[in-house]
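Here's the letter readout for the chains.
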Amino acid sequence: MILDGKHISQTIRAEIREEVLMLKAKGLRAPKLAVVIVGHNPASETYVANKIKACEEVGIVSERIALEADITEGQLLEEVKRLNNDPSVDGFIVQLPLPEHISETTIMSAIDYRKDVDGLTPENVGRTVQGLPSLVSATPRGIRELLSRYKIQTEGKHVVVIGRSNIVGKPIAMLLMQRPYLSLPGMSAASLGDATVTVCHSKTRDLAAICRTADIIIVAAGSPKLLTADMVKEGATVIDVGINRIEDPSAPRGYKLVGDVDFENVAPKAAFITPVPGGVGPMTIVSLLQNTLQAYLGN
Ligand code: NDP
């Protein structure tokens, strides 16, 4: 069965739209997201435009703050402080990557964790680890939501995560191993968590053998066809986070997007599988909207 992230994300968008309308009907203001973009990186411009559009669709107020690439770290820190203290802004993100002369760690650490809707500040990550209320980074939150909406239980399951990045691998491993009573607010099922999680990376020995013991495999490596059918046990759930551009002369743009899974051969063995595109990707952007609403509600 295909885990249809596109469809689920549309359902969640409709739910958020409804909630924002209800807030306004009560005479309250709408939530507000600010997005800071530094310089003119074309990929970043596209991501930011998509985020602003997604906000508009659900009635979340958004503001795009564009700063020149030669801004100093100090000036960007001032902007972060201004947003931290602006009561009309519930959440904000500083789009990465930043120009080389600016330390991403310094900027991320300066963001008030209560407004950190990307969930990347050390404080939010630490709170997630400790099971305290926190804003979880968008992709792990989206994966968890997708599992939850399809009622895929993780209790007692062996989850293998391929990838140990700060934005995907580590946080999803952390979320799925949590005790459910420590799980984070805003999630729709308490049955997620309690998994036995193995985290793999490029130095892992015999990845295939480890994957074959998995009930759920989450691949976030950025390597096309890394997960092949012989690595997947019959009836496993496969979540493909990867987004890779590969040449395709027959495609209008000369390339197509593929994940990290050999979808064609793995899908027949998997009980559930996410496609690329249309799986985890749409869930990621909707998670940002959920985080903004969560920041607004103060939980
Ligand atoms: P990183 O490059 O930060 O991390 C990749 C991880 O995969 C590393 O831990 C690396 O190991 C591991 N890895 C790479 N190749 C192998 C291999 N052959 N065998 C085992 N492990 C391997 O990537 P991200 O986590 O940022 O992103 C991963 C993928 O997910 C990318 O394709 C990215 O575009 C996509 N992505 C998709 C999102 C979405 O919304 N759908 C959101 C975010 C990312 P090591 O640490 O040893 O180097």
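Just above, that's the structure.
The model shown is predicted, which means the values in this text are computed figures rather than measured ones.

Asker: Go over the packing of aromatic side chains, please, and point to the residues and values.
Answerer: Tallied over the full model, the rule gives zero aromatic pairs. The cationic tip of Arg245 hangs over the ring face of Tyr255; the distance from NZ or CZ to the ring centre is 4.0 Å.

Asker: Let's hear about the site of the ligand: which residues, and what values?
Answerer: The local shell around the ligand holds 21 residues, among which Arg164, Ser165, Ser202, Ile243 and Thr284 are the closest. Between an oxygen atom of the ligand and a side-chain N or O atom of Ser202, the distance comes to 2.5 Å. For the ligand, an oxygen atom lies 2.8 Å from a polar atom in the side chain of Thr284. Calculation on the ligand without its partners gives an accessible area of 930 Å², and the protein chains cover 68% of this total. Ranked by residues supplied to the shell around the ligand, first place goes to helix H10 (residues 280-297) with three residues. Of the residues belonging to the shell around the ligand, the class tally is 10 nonpolar, 10 polar and one charged.

Asker: Describe the pairing of strand S6 (residues 216-219), listing the residues and the values that go with them.
Answerer: Burial along S6 is two-sided: the residues Ile216 and Ile218 and Ile217 and Val219 are all buried. Of the strand pairs in this sheet, strand S4 (residues 158-162) and S6 are connected by four bridges, and their pairing is parallel. The partner of Ile162 across the bridge, within S6, is Val219.

Asker: Can you lay out the side chain of Thr237 for me, pointing to particular residues and giving the numbers?
Answerer: Positionally, Thr237 belongs in strand S7 (residues 237-240). Ignoring anything within four residues of it in the chain, the contact list for Thr237 reads Leu3, Leu147, Ile152, Asp215, Ile216, Ile217 and Phe272.

Asker: So, the sheet that holds strand S1 (residues 32-38): which residues are in play, and what are the values?
Answerer: Spatially, three strands are ordered S2-S1-S3 in an open sheet, and the strand pairing comes out parallel. Looking along the sheet, the strands with just one partner apiece sit at the ends: strand S2 (61-67) and strand S3 (91-94). Neighbour-to-neighbour, the strand axes of this sheet turn through a mean angle of 15°, independent of strand direction. Two elements, S1 and S2, share seven bridges in a ladder whose sense is parallel. The partner of Ala34 across the bridge, within S2, is Glu63. In this fold helix H3 (residues 73-85) packs onto S1, S2 and S3, with an angle of close to 165° to the strand it touches most, S2.

The rules we used
- Residues numbered from 1 in each chain as written.
- Predicted model: local features only at pLDDT ≥ 70, side-chain atom pairs only at ≥ 80, totals over all residues.
- Heavy atoms only, no water.
- Phe/Tyr/Trp six-rings, centres within 6.5 Å; stacked < 30°, edge-to-face > 60°.
- Lys NZ or Arg CZ within 6 Å of the ring centre and 35° of its normal.
- Near = heavy atom within 4 Å.
- Polar contact = N/O pair within 3.5 Å; in protein donor to acceptor, adjacent residues only side chain to side chain.
- Areas by Shrake-Rupley, 256 points an atom, 1.4 Å probe, with all protein chains shown as cover.
- Helix = DSSP H or I, 4+ residues; strand = E, 2+ residues; numbered from the N terminus.
- Nonpolar A, V, L, I, M, F, W, Y, C, P; charged D, E, K, R; others polar.
- Buried < 20%, exposed > 50% of the residue type's maximum accessible area, 1.4 Å probe, protein only.
- Pairing = 2+ DSSP bridges.
- Contact = heavy atoms within 4.5 Å.
- Axes fitted to C-alpha atoms, helices over the stretch in contact; angles between N-to-C directions.

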